[in-house]
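What follows is each chain in one-letter form.
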Amino acid sequence: MSNQAIDNTNACPTPGPTPDPKPVKPTPKGALALIRPHQWIKNFFVFIPMFFGGSLLNIEDIWSSVITFFAFSFAASSIYCFNDIYDVEADRRHPVKCRRPIASGAVSIRSAYLLMGLMFVSSMTILQLLPHNNLQVTGVIFFYWCINLAYCMRLKRYAILDVCIVSFGFVLRIIAGGEATDIVLSRWIVLMTFLLSLFLSFAKRRDDVLRMNETGQAPRQNTSRYNLTFINQAITITASVTLVCYIMYTVSPEVVANFHSDNLYLTSVFVLLGLLRYIQLAVVDKKSGDPTKVILRDRFTQFIVLGWLTAFLLIIYLH
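Here's what I pulled together on the structure shown here. Just so you know, these numbers come straight off a predicted model, no measurement behind them.

The rules behind each value
Residues numbered from 1 in each chain as written. Predicted model: local features only at pLDDT ≥ 70, side-chain atom pairs only at ≥ 80, totals over all residues. Heavy atoms only, no water. Helix = DSSP H or I, 4+ residues; strand = E, 2+ residues; numbered from the N terminus. Buried < 20%, exposed > 50% of the residue type's maximum accessible area, 1.4 Å probe, protein only. Contact = heavy atoms within 4.5 Å. Polar contact = N/O pair within 3.5 Å; in protein donor to acceptor, adjacent residues only side chain to side chain. Expected span 1.5 Å × (residues − 1). Core = buried A, V, L, I, M, F, W, Y, C linked by side-chain atoms within 4.5 Å. Phe/Tyr/Trp six-rings, centres within 6.5 Å; stacked < 30°, edge-to-face > 60°.

1. Focus on the environment of Asp84
Point 1. Mapped onto the secondary structure, Asp84 falls in helix α3 (residues 59-86).
Point 2. Judged by relative accessible area, Asp84 falls into the buried class, the value being 1%.
Point 3. In sequence terms Asp84 and Arg100 are 16 residues apart; their C-alpha atoms lie 7.8 Å from each other.
Point 4. If we ignore the near neighbours within four places in the chain, the residues touching Asp84 are Leu34, Arg36, Asp91, Arg100, Pro101 and Ile102.
Point 5. A polar contact is formed between the side chain of Asp84 and the side chain of Asn83, at a distance of 3.5 Å.

Below is the structure:
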């Protein structure tokens with residue numbers, strides 16, 4: 001099989017519906033796999049308001065952002081638990097997802113519900129440490145939690161709506177970060193966050209379409225409403241608009257006045273390279289199934305992100 005084909009090696013057998021095993025305390029390994037701490041990298045979006053707001057050296061803002069980060073991470077892990085509980089039968093028939101803790105029988109459904117509740121309570125509890133705007137941040141995270149419950153149960157069945165809800169979740173992350181630090185969000189930041197996450201979501205759906213074309217079975221209920229032509233066009237459109245939006249942000253009068261520099265447009269080079277690299281990974285290498293793993297494993301992407309961060313910091317803090 002070529003290196004571009006979908007890897008179905010070590011696929012799980014196709015079981016029929018199986019009863020949930022007796023409730024047992026999940027092992028640390030099973031619990032960690034269920035709450036997916038590696039996915040917490042997504043919640044670094046809560047630091048965006050502090051970063052673009054120029055308050056990276058403000059201790060109180062750092063503390064507030066860290067608390068919000070962990071609160072969002074615990075809430076997201078609660079959703080991961082519920083998603084795996086709700087999709088357990090479908091996951092058992094999936095060639096890759098069958099290895100998830102609940103689908104494989106490593107963690108029982110009852111134990112998963114307990115872990116889900118623990119994560120949610122931990123999220124709400126840690127928010128009490130915020131020095132201000134506690135209720136606002138709690139409201140944003142609770143709304144995120146509720147809309148994602150609806151997403152798991154129903155909304156993810158609808159093509160386009162599914163990726164929009166995922167993207168809106170990232171907007172809620174930066175809203176929470178802005179509320180926690182009392183930083184007013186630029187409309188450009190909100191637009192860029194939504195567009196970038198929409199771009200990544202479409203790239204992830206491309207992996208599902210490839211798997212459907214390879215196996216003849218749709219990994220998701222709505223995958224049949226996508227095809228490669230549509231996905232490729234959607235990726236191109238969202239990438240283009242994201243880049244234009246970023247350039248408009250860097251040259252906008254309020255941003256130039258806020259950072260006292262008109263050189264921010266130079267960082268657009270890194271944004272362009274990052275988008276092109278991700279498109280290459282999605283279209284050429286067919287490795288867009290998990291954006292988090294791409295960021296954690298692809299050295300070139302990491303170099304681009306590091307270069308962008310360094311350039312932005314130098315322009316903002318050392319102008």
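2. As for helix α8 (residues 161-181)
Point 1. Between its terminal C-alpha atoms α8 stretches 30 Å, which fits the 30 Å expected from 21 residues at 1.5 Å a residue.
Point 2. Among the 21 residues in α8, 15 count as buried, and that is most of the element.
Point 3. In the stretch just after α8, Asp182 is the one whose phi turns positive, near 60°.

3. Points about the nonpolar core
Point 1. Among the nonpolar cores identified, the biggest contains 43 residues, and Leu34, Phe72, Leu127, Val137 and Ile141 are the most heavily contacted of them.
Point 2. Contributing elements (two or more residues each) for this core: α1 (28-35), α3, α6 (109-126), α7 (134-153) and α8.
Point 3. Take this core: its biggest share by element is twelve residues, from α3.
Point 4. Not counting residues up to four positions away in its chain, the partners in contact with Phe72 are Asn43, Val46, Ile141, Tyr144, Leu172, Arg173 and Ala176.
Point 5. Core analysis: the second largest hydrophobic core is formed by 38 residues, Val163, Ile174, Val209 and Val255 among them.

4. Considering the packing of aromatic side chains
Point 1. Scanning the model with the defined rule gives 26 aromatic pairs in all.
Point 2. For the pair Trp40 and Phe74, a centre-to-centre distance of 5.7 Å together with 80° between the ring planes defines the contact as edge-to-face. With Trp40 in the loop between α1 and α2 (48-52) and Phe74 in helix α3, the pair connects residues that are 34 residues apart, well separated along the chain. Assigned by exposure class, Trp40 and Phe74 land together as buried.

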